[in-house]
Amino acid sequence: MELGYFTMPSHPPECGLKEGHDWDLQTLRWLDELGYQEAWIGEHHTAPWEPHPSPDLLVAQALLQTKNIRIGPGGFLLPYHHPAELANRVAMLDHLSNGRLNFGVAASGLPSDWAMFNVDGMSGQNRDMTREALEIILKMWSEPGPWTHKGKYWTVSKPDTMFDFLKPHIKPQQAPHPPIGVAGLSKNSDTLKLAGERGFIPMSLNLNPAYVGSHWDSVEAGAAKTGRKPSRKDWRLVREVFVADTDEEAWRLSTGDMMGRMMGEYFLPLLGHFGFKDYLKHAPDVPDSDVTVEYCARRNWIVGSPATVTEKIEKIYREVGGFGVLCVFGFDYKHKPEAWRHSLDLLKNEVMPRLKHLGAEFEKAA
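Residues numbered from 1 in each chain as written. Predicted model: local features only at pLDDT ≥ 70, side-chain atom pairs only at ≥ 80, totals over all residues. Heavy atoms only, no water.

## Here's the deal with empty space enclosed by the protein
Next, step 1: Tallied over the entire structure, the rule returns two cavities of 30 Å³ or more.
Next, step 2: The wall of the largest cavity is formed by Tyr5, Thr7, Ser10, Trp23, Asp24, Thr27, Leu28, Gly330, Phe331 and Asp332.
Next, step 3: Every element with two or more residues in the lining of the largest cavity is listed here: β1 (2–7) and α1 (17–34).
Next, step 4: In terms of residue count, α1 provides more of the lining of the largest cavity than any other element does, four residues in total.
Next, step 5: Looking at side-chain class alone, the lining of the largest cavity contains four nonpolar, four polar and two charged residues.
Next, step 6: In terms of residue class, the lining of the second largest cavity is made up of six nonpolar, two polar and two charged. (1 Å grid on protein atoms, 1.4 Å probe; cavity = no way out; pocket = protein on both sides within 12 Å on 5 of 7 lines; lining within 4 Å. Points joined across faces, edges and corners; volume = space filled by probe spheres on them. Helix = DSSP H or I, 4+ residues; strand = E, 2+ residues; numbered from the N terminus. Nonpolar A, V, L, I, M, F, W, Y, C, P; charged D, E, K, R; others polar.)

## Comments concerning the UniProt feature "domain: Luciferase-like" (unreviewed entry) in the chain
Next, step 1: Those residues carrying the UniProt feature "domain: Luciferase-like" (unreviewed entry) are residues 1–321 in this numbering.
Next, step 2: Helix makes up 44% of residues 1–321 and strand makes up 15%, while its end C-alpha atoms are separated by 13 Å. (UniProt positions renumbered as here; feature names shortened; annotations may be inferred.)

## Regarding the environment of Glu294
Next, step 1: Residue position: Glu294 is located in helix α10 (residues 293–299).
Next, step 2: Glu294 sits in the partly exposed class, given a relative accessible area of 38%.
Next, step 3: Separated by 38 residues in sequence, Glu294 and Gly256 place their C-alpha atoms 9.5 Å apart. (Buried < 20%, exposed > 50% of the residue type's maximum accessible area, 1.4 Å probe, protein only.)

## Here's the deal with the environment of Ser112
Next, step 1: Relative to the helices and strands, Ser112 is located in helix α4 (residues 111–117).
Next, step 2: With relative accessibility at 35%, the residue Ser112 sits in the partly exposed group.
Next, step 3: When the C-alpha positions of Ser112 and Ala47 are compared, they lie 8.1 Å apart, and in sequence the two are 65 residues distant.

## What about the sheet that holds strand β5 (residues 103–106)?
Paired through backbone hydrogen bonds, the strands of a sheet run either parallel or antiparallel to each other.
Next, step 1: If you trace the nine strands from one edge of the open sheet to the other, you get β3-β2-β1-β13-β10-β9-β8-β5-β4, paired in parallel fashion. Strands at the two margins of the open sheet, each flanked by one partner only, are β3 (70–73) and β4 (76–77).
Next, step 2: In the sheet, β5 pairs with strand β8 (residues 180–184) via three bridges, with the strands oriented parallel. Counterpart to Gly104 in the pairing with β8 is Gly181. (Pairing = 2+ DSSP bridges.)

## Here we look at helix α6 (residues 190–198)
Since the α-helix advances by 3.6 residues per turn, residues separated by three or four positions end up pointing in the same direction.
Next, step 1: Taken residue by residue, α6 has Leu192, Leu194, Ala195, Gly196 and Glu197 as its buried positions.
Next, step 2: Buried positions along α6 lie against α5 (125–142), β8, β9 (201–204) and α7 (209–226). (Contact = heavy atoms within 4.5 Å.)

## What to know about the pattern of salt bridges
Next, step 1: In this structure the tally under the stated criterion is 17 salt bridges.
Next, step 2: Asp190 is paired through a salt bridge with Arg127; the nearest N and O atoms lie 3.9 Å apart. Of the two residues, Asp190 is situated in helix α6 and Arg127 in helix α5; the sequence distance between them amounts to 63 residues.
Next, step 3: Of the charged contacts in the structure, one is a salt bridge between Asp278 and Lys281, with a shortest N-O distance of 2.9 Å.
Next, step 4: Residues joined in a network through salt bridges with shared partners are Glu14, Arg261 and Glu265. (Salt bridge = Lys/Arg side-chain N within 4 Å of Asp/Glu carboxyl O.)

## Quick word on a nonpolar patch on the surface
Next, step 1: A cluster of nonpolar side chains, Met162, Phe163, Phe165 and Leu166, forms an exposed patch at the surface whose accessible area comes to about 500 Å².
Next, step 2: Using a relative accessible area of 47% as the deciding quantity, one classes Leu166 as partly exposed. (Patch = residues over 30% accessible without salt bridge, like charges linked within 9 Å, V, L, I, M, F, W, Y side chains within 5 Å. Areas by Shrake-Rupley, 256 points an atom, 1.4 Å probe, with all protein chains shown as cover.)

## As for the pairing of β8
Next, step 1: Of all the five residues making up β8, four are buried; the element is thus mostly covered by neighbouring parts of the structure.
Next, step 2: Direction of pairing for β8 relative to β9: parallel, over a ladder of four bridges. What sits directly across from Val182, in β9, is Pro202.

## Observations regarding the nonpolar core
Next, step 1: Ranked by internal contacts, the top residues of the largest apolar core, which has 114 residues, are Tyr36, Phe103, Leu134, Met262, Trp340 and Leu347.
Next, step 2: With nine residues, the top contributor of residues to this core is helix α9 (residues 258–274). (Core = buried A, V, L, I, M, F, W, Y, C linked by side-chain atoms within 4.5 Å.)

## Some points on the pairing of β5
Next, step 1: As defined by bridge partners, β4 adjoins β5 across two bridges and the pair is classed as parallel. In the sheet register, Phe76 faces β5, and the bridge partner there is Val105.
Next, step 2: This β-α-β element, β4 to helix α3 (residues 83–96) to β5, shows right-handed connectivity. (Right-handed = clockwise from strand over helix to strand, strands pointing away.)

## Some details on the layout of surface pockets
Next, step 1: Approximately 1,100 Å³ is the volume attributed to the largest pocket.
Next, step 2: Elements that contribute at least two residues to the lining of the largest pocket include exactly β1, β5, α4, α5, β8, α6 and α9.

## Concerning the side chain of Thr310
Next, step 1: Mapped onto the fold, Thr310 is located in helix α11 (residues 306–320).
Next, step 2: Looking at Thr310, the relative accessible area reads 9%, which means it is buried.
Next, step 3: For Thr310, the side chain forms a polar contact with the main-chain oxygen of Pro306, separated by 2.7 Å. (Polar contact = N/O pair within 3.5 Å; in protein donor to acceptor, adjacent residues only side chain to side chain.)

## With respect to the packing of aromatic side chains
Geometry of an aromatic ring pair is reported as the spacing of the ring centres plus the angle between the planes.
Next, step 1: Tallying each qualifying case throughout the model produces 18 aromatic pairs.
Next, step 2: Note on Tyr80 and Phe117: the rings are 4.1 Å apart at their centroids and 15° apart in plane angle, and the pair reads as stacked. In this pair, Tyr80 sits in the loop between β4 and α3 while Phe117 sits in helix α4, placing the two residues 37 residues apart along the sequence.
Next, step 3: With a centroid separation of 6.5 Å and 50° between ring planes, the pair formed by Tyr266 and Phe267 is classed as tilted.
Next, step 4: Among the aromatic residues, those joined into a cluster by ring pairs are Phe6, Trp49, Phe242, Tyr266, Phe267, Phe329, Phe331, Tyr333 and Trp340.
Next, step 5: The ring of Trp147 has Lys139 lying over it, and the distance from NZ or CZ to the ring centre is 4.5 Å. (Phe/Tyr/Trp six-rings, centres within 6.5 Å; stacked < 30°, edge-to-face > 60°. Lys NZ or Arg CZ within 6 Å of the ring centre and 35° of its normal.)

Set out below in structure tokens:
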């Protein structure tokens, strides 16, 4: 099993935009030093607790300040970008990364973002736009022109050579393109079916393990459509993780600090507005009012000493049937940077060596 990082990025509303950006850069440098495999950075436009509208700016800076870690948007919100422009921008970013870029895509789930860009998310327009945009981007990278795509939302042309030397010429460094990741939230997730169908990296967001188990069914259902054989080694699980020297210290630094504050002030109320608290419950009959920060910390988070965290990861692994990469959910601990770095360090150097046996079945199957 490998380790990754998934960050919204999340910062409290009083935090300055550059201040938050600088914390994210510091964290990415630590992840690289510690040997984490990858980091994914989100895009949002109308969420003060998720304030980064342009993950590629953070990705570009982080690539200059790191050596090995793979970094990418997690993901670009495809309904809000012109596909031809984004195809060129991502291809350029891939060259700047020397082939370390991951390309995460998402459909956008915030009604306030839909309103800003006049996208009818309630009818699923955001998902339709995402599929069409991705189709155009992949075509831009793979099919020689001239052609014109006339879709429902975009008309895009790849023109022939004009005036002897003007022509589309920008392609990614990685062939045929950077690895594509898609994140899923709901049961029978459409995006995870798409991952299975197209061979993309499936990512399950931070939900109750009892619920996440169904996500692999979606990946397999999509894969069956195109005759693919998906590997659980590619499956990423995003989870809230805090490791400290003792269980008590880990609990205090997680529920009693920024993890607890972000969840209590933003994430849980937001999921409540959407009717999504069910995704956090270990059983359907749990009342919404019981789904508190403490409930999530006990039931869903991976918090504790290295021994406790090892045990919790192994339990989740068995419950969902195996996965390949655990992605730590990012939080803003710039007020206690040493505690966050220590947690990332303990996870990598104390916990992971005890979990070496997990994933051996993938190797055998391969």
